[in-house]
Structure formats: C-alpha cells, structure tokens
Amino acid sequence: MLTDGQHKPGSVKMGYYALKFLFTQIYHKEWAGEYLPTPKTAKTLPLVLSKEEVLEVLGAIPNFKHRTVIMFIYSTGARVSECVNIKLSDIDSKRMQVNIQEGKGLKQRKTPLSFLMLDTLRKYYKAYKPQHYLFEGAGGKGTHLGVGAVREICQKARFHTPHIKKNFTPHTFRHCFATHLLEQGTNLLVIQRLMGHADLSNTLKYLHVQQLGIDQVINPLDKLTGVEALCNGK
C-alpha cells in the first residue's frame, strides 16, 4: 500500500492500525512498529465562511426547520452528530447554555445559548412541537433527524448560492463558530472547551484561518518616542 501509489496516506494508516490490532490483540504477538513506518498525512486547514457568507447561506435555506438546524450548529459549535442528538431537556434557558450529552468520546460539555437562538428555538417549537429530540426525523416522534439529512440541507444551499465558491458542509459551520469567536478575541482555551477538543493543538489550527485585522495593527515604529526626529533626511 505504501508503494503502489493507489492508496492515500489515510487509507495506509488505517491498514497499519488494523494489522497492529490483529497482531497484538488477536494473535498476542509483539508488534515491530519500527519496520512498518506509517506515512505522514497532509494537514489541511478547515474551510471557513465569512460572517457575510454564513448569513447568505442561512438566507438560502427556505425551510424554517432546516435553517434552524444550521443556525444551531453555527451558534453552538456542535458536531452534526451532536446536533441531531440534542434533546429538549438539553436546552437550559435559565443558564443560557446547551448541554451536549453525547459528544465525541461520550464526553459531555456545555456551550453558550444565544438569546437570538433561544428566541428562534421557541418559534421553532411552536411550529413543529417536538416531543423528545429537538430536531425530530421523518420517522415521527421519538426519532431524530439523520446526519445525512443535515448534509443534504447544505447540498441544496450550495445550489442556491453558486457565487460562494466553497464546498461547505454542516461541519463547516462548526469551524465558523470557532474561527469567528477567535476573531472576536475569545481566548483559545475557552474555544477549546466549547469545541470539546481534548488537545489544544486541534484548536490552534483556527489561528491559520482567522481573518487578521491588519488595518488595525499599530506598527511598532510608530510607537517609538522621538523617532520623528530621525525620519528627516539629514
């Protein structure tokens, strides 16, 4: 797989760990990892929409329920799987937070609930009357919206926003949540906690995609007291 040129590094790594599991857990043999190096996988930066583009995409989703789903992901930073599993009881309007009970690795965390999102959810509740899951699926009461259905919402939104040359997905709005918070000056450690990242390195990637306010940066030369006298051609 390493040399045939037909497999991507990610596929090779999956094969590597499958073999390692077979040898160590099934056959209980020693694993000589130094003889089977794993390939390096390319680290890609997350795709992020600007705030204006987020607004355009939301405006291109005519169905109120579908629009609320994407708005919820953008407002809370929830993963798609977390979003569809949110229950009515997870919305804490008293403390203005969302309790994500089934996060990655079954870890629980809390994310902020905006006043605008709460108002939208109240209107959504009156319109759709969900009973258990916040976003119920086609199977009726007691079922939740499928991850595939959420992806389809974005696929249709891309069709209606052809001028946005970015193949955004539901996960893109989670990236937007983190990046826009960073651009607003939110501490990285706070973003790490809100995103549910176990490792800070997963949060640091947003430093590479944030829009830097270069026009607001004061050049250090301009802050040198008395430097004006040295700027004359004498």
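What you see is a predicted model, and the numbers here were worked out from it, not measured in a lab.

Participant: What exactly am I supposed to notice about the pattern of salt bridges here?
Facilitator: A side chain with one charge can pair with a side chain of the opposite charge if their charged atoms come near. On inspection of all chains with the given rule, the structure shows 5 salt bridges. With a closest N to O distance of 2.8 Å, R109 and E82 form a salt bridge. Of this pair, R109 sits in strand β3 (residues 109–112) while E82 sits in helix α4 (residues 80–84), and the two are 27 residues apart along the sequence. The buried category is assigned to R109, whose relative accessible area is 10%. Among the ionic pairs, D119 bridges to K123, the shortest N-O distance being 3.2 Å. With D119 and K123 both in helix α5 (residues 115–128), this residue pair falls 4 residues apart, about one helical turn.

Participant: So what exactly am I meant to see when it comes to the packing of helix α2 (residues 51–59) against helix α7 (residues 170–183) here?
Facilitator: Any two packed helices are characterised by the angle at which their axes cross and by the distance between the axes. Close contact between α2 and α7 brings their axes to 11 Å; oriented N to C, the two are set at 145°. Seen from above, α2 lies across α7 with left-handed handedness. Of the residues in α7, those touching α2 at K51, V54 and V57 are F173, C176 and H180. Per-class residue counts for the contact of α2 with α7 are 4 nonpolar, 1 polar and 1 charged.

Participant: For this particular structure, what's the right way to read the layout of surface pockets?
Facilitator: Empty pockets left among the atoms are what a rolling probe the size of a water molecule brings to light. Reported here for the second largest pocket is a volume of approximately 340 Å³. Lining the second largest pocket are 16 residues; nearest its centre among them are M71, Y74, S75, S114 and F177. It is α2 that provides the largest number of residues to the lining of the second largest pocket, a total of 4 residues. Grouping the amino acids of the lining of the second largest pocket by side-chain chemistry returns 11 nonpolar, 4 polar and 1 charged.

Participant: Mind showing me how you'd approach a nonpolar patch on the surface here?
Facilitator: A cluster of nonpolar residues, L19, F21, L22, F23, I26 and Y27, forms a patch on the protein surface that exposes about 560 Å² of accessible area. Looking at the secondary structure, you find F21 in helix α1 (residues 9–26).

Participant: Hey, could you run me through the packing of helix α3 (residues 64–76) against α7 in this one?
Facilitator: Interhelical geometry of α3 versus α7 gives an angle of 35° and a closest axis separation of 7 Å. Here α3 and α7 pass one another in a crossing that is right-handed. Taken together, the residues of α7 that come into contact with α3 (itself represented by I70, I73, Y74, S75 and T76) are P170, F173, R174, C176, F177 and H180. Its residues assigned to classes, the contact of α3 with α7 shows 7 nonpolar, 3 polar and 1 charged.

Participant: Would you mind going over helix α6 (residues 147–160) with me for this structure?
Facilitator: Quick reminder: α-helices carry 3.6 residues per turn. Residues three or four places apart thus point the same way. Taking 1.5 Å per residue as the helical rise, α6 with its 14 residues ought to reach 20 Å, and the 21 Å between its terminal C-alpha atoms agrees with that figure. Inspection of α6 places V150, I153, C154 and A157 among the buried residues, and these make up the whole buried set. Seen end-on, α6 carries its buried residues on one side only, within an arc spanning 90°.

Participant: Where do I start with the nonpolar core in this structure?
Facilitator: As a rule of thumb, nonpolar side chains are buried together in soluble globular proteins. F72 and F173 are the most contacted members of the largest nonpolar core, which totals 45 residues. Those elements that provide at least two residues to this core are α2, α3, α4, β2 (97–100), α5, α6, α7 and α8 (188–195). When residues of this core are assigned to their parent elements, the largest contribution, 6 residues, is made by α7. Residue contacts for F72: discarding those within four places in its chain leaves G77, A78, C83, I86, I91, V98, M117, L121, L134 and F135.

Criteria and thresholds
- Residues numbered from 1 in each chain as written.
- Predicted model: local features only at pLDDT ≥ 70, side-chain atom pairs only at ≥ 80, totals over all residues.
- Heavy atoms only, no water.
- Salt bridge = Lys/Arg side-chain N within 4 Å of Asp/Glu carboxyl O.
- Helix = DSSP H or I, 4+ residues; strand = E, 2+ residues; numbered from the N terminus.
- Buried < 20%, exposed > 50% of the residue type's maximum accessible area, 1.4 Å probe, protein only.
- Axes fitted to C-alpha atoms, helices over the stretch in contact; angles between N-to-C directions.
- Left-handed = near helix turned anticlockwise from the far one by under 90°.
- Contact = heavy atoms within 4.5 Å.
- Nonpolar A, V, L, I, M, F, W, Y, C, P; charged D, E, K, R; others polar.
- 1 Å grid on protein atoms, 1.4 Å probe; cavity = no way out; pocket = protein on both sides within 12 Å on 5 of 7 lines; lining within 4 Å.
- Points joined across faces, edges and corners; volume = space filled by probe spheres on them.
- Patch = residues over 30% accessible without salt bridge, like charges linked within 9 Å, V, L, I, M, F, W, Y side chains within 5 Å.
- Areas by Shrake-Rupley, 256 points an atom, 1.4 Å probe, with all protein chains shown as cover.
- Expected span 1.5 Å × (residues − 1).
- Arc of directions from axis to C-beta.
- Core = buried A, V, L, I, M, F, W, Y, C linked by side-chain atoms within 4.5 Å.

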